[in-house]
Amino acid sequence: MSDTAVRRRLSADDRRRQLVAIGLSKIVETPIQDLSLDDVAAEAGISRGLLFHYFPTKTDFYLACIAAAGRRMLRTTAPDEELPGEQQVEMVTRLMVEQIERRRDFYLALVHGHGVADPRVSEVMESVRDGSTDRVVAALGVPERQRDVVRAWWAYTEDRALTWSAVPTGERPVPVSELVAECVAALHALLSLKT
């Protein structure tokens, strides 16, 4: 059976999802700026020109992939909402630290916008921080006036995770469980300050 016999025509939305999924699978290992659109199109079984039908520019495609990565990050760091609030915060913190450890280079690119000079890249990171902040605020019942404290704490936690994950595994000063405990303790210390 030939390739054309097994190919099926996808709707525009399905094709966009397919292309973004291929892009996502590639940017896990390849910096976004080095992603070959020819490779993405070939894997999808379409021409490069057709890829540009779905995403008018290379930047549009990259941004769609980065936005999908942000949504995926929020999904993979979601706590079990059946747990008590304190345990949810510990879980979401651990999941975020582990996510940063697994995808450190990609996370750095997402935070600093390497490779795509477009302010919409930082909007993706802001949406991840906002979503993570909302989870902690809801889990602990933090008053709205302290929401900015939680958001700032996430920046601290990200920095700690990035610094910690830069050290080779056998040489890290603390295990992940201790790092998470320190970060959660810092959150409570910040929230206890009188504002």
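Residues numbered from 1 in each chain as written. Predicted model: local features only at pLDDT ≥ 70, side-chain atom pairs only at ≥ 80, totals over all residues. Heavy atoms only, no water.

A. Local environment of the overall build of the protein. Of the regular secondary structure elements, the protein holds 10 helices and zero strands. Within the protein, the proportion of its 195 residues that are buried is 41%. Taking contacts inside the protein between residues at least 6 apart in sequence as the whole, the part at least 24 apart equals 64%. (Helix = DSSP H or I, 4+ residues; strand = E, 2+ residues; numbered from the N terminus. Buried < 20%, exposed > 50% of the residue type's maximum accessible area, 1.4 Å probe, protein only. Contact = heavy atoms within 4.5 Å.)

B. Summary view of the environment of Cys65. Examined against the element boundaries, Cys65 turns out to sit in helix α5 (residues 58-76). Separated by 43 residues in the primary sequence, Cys65 and Ile22 place their C-alpha atoms 8.9 Å from one another.

C. Expanded view of the side chain of Glu158. Mapped onto the elements of the fold, Glu158 is located in helix α9 (residues 147-165). With a relative accessible area of 5%, Glu158 lands in the buried category. If we skip the residues at most four places from it in the chain, Glu158 touches Ile100, Tyr107, Met125 and Arg129.

D. Up close: the packing of aromatic side chains. Across all of its chains, the model carries three aromatic pairs by this definition. With a centroid separation of 4.7 Å and an interplanar angle of 55°, the aromatic rings of Trp153 and Trp154 are classed as tilted. The same class applies to Trp153 and to Trp154, which are both buried. Three or more aromatic residues joined by ring pairs make a cluster, and in this case those are Phe55, Phe61 and Tyr62. (Phe/Tyr/Trp six-rings, centres within 6.5 Å; stacked < 30°, edge-to-face > 60°.)

E. Structural context of the nonpolar core. In terms of nonpolar packing, the biggest core is built from 28 residues, with Met96, Tyr107, Val136, Val150, Trp153, Trp154 and Leu187 touching the most fellow members. Of all the elements in the fold, those that place two or more residues in this core are α5, α6 (85-102), α8 (119-140), α9 and α10 (176-192). Residue contributions to this core peak at seven residues, all from α10. Residues in contact with Tyr107, not counting those within four places in the same chain, are Met73, Met96, Ile100, Met125, Glu158 and Leu162. With 20 residues, the next largest nonpolar core counts Leu19, Val40, Tyr54 and Phe61 among its residues. (Core = buried A, V, L, I, M, F, W, Y, C linked by side-chain atoms within 4.5 Å.)

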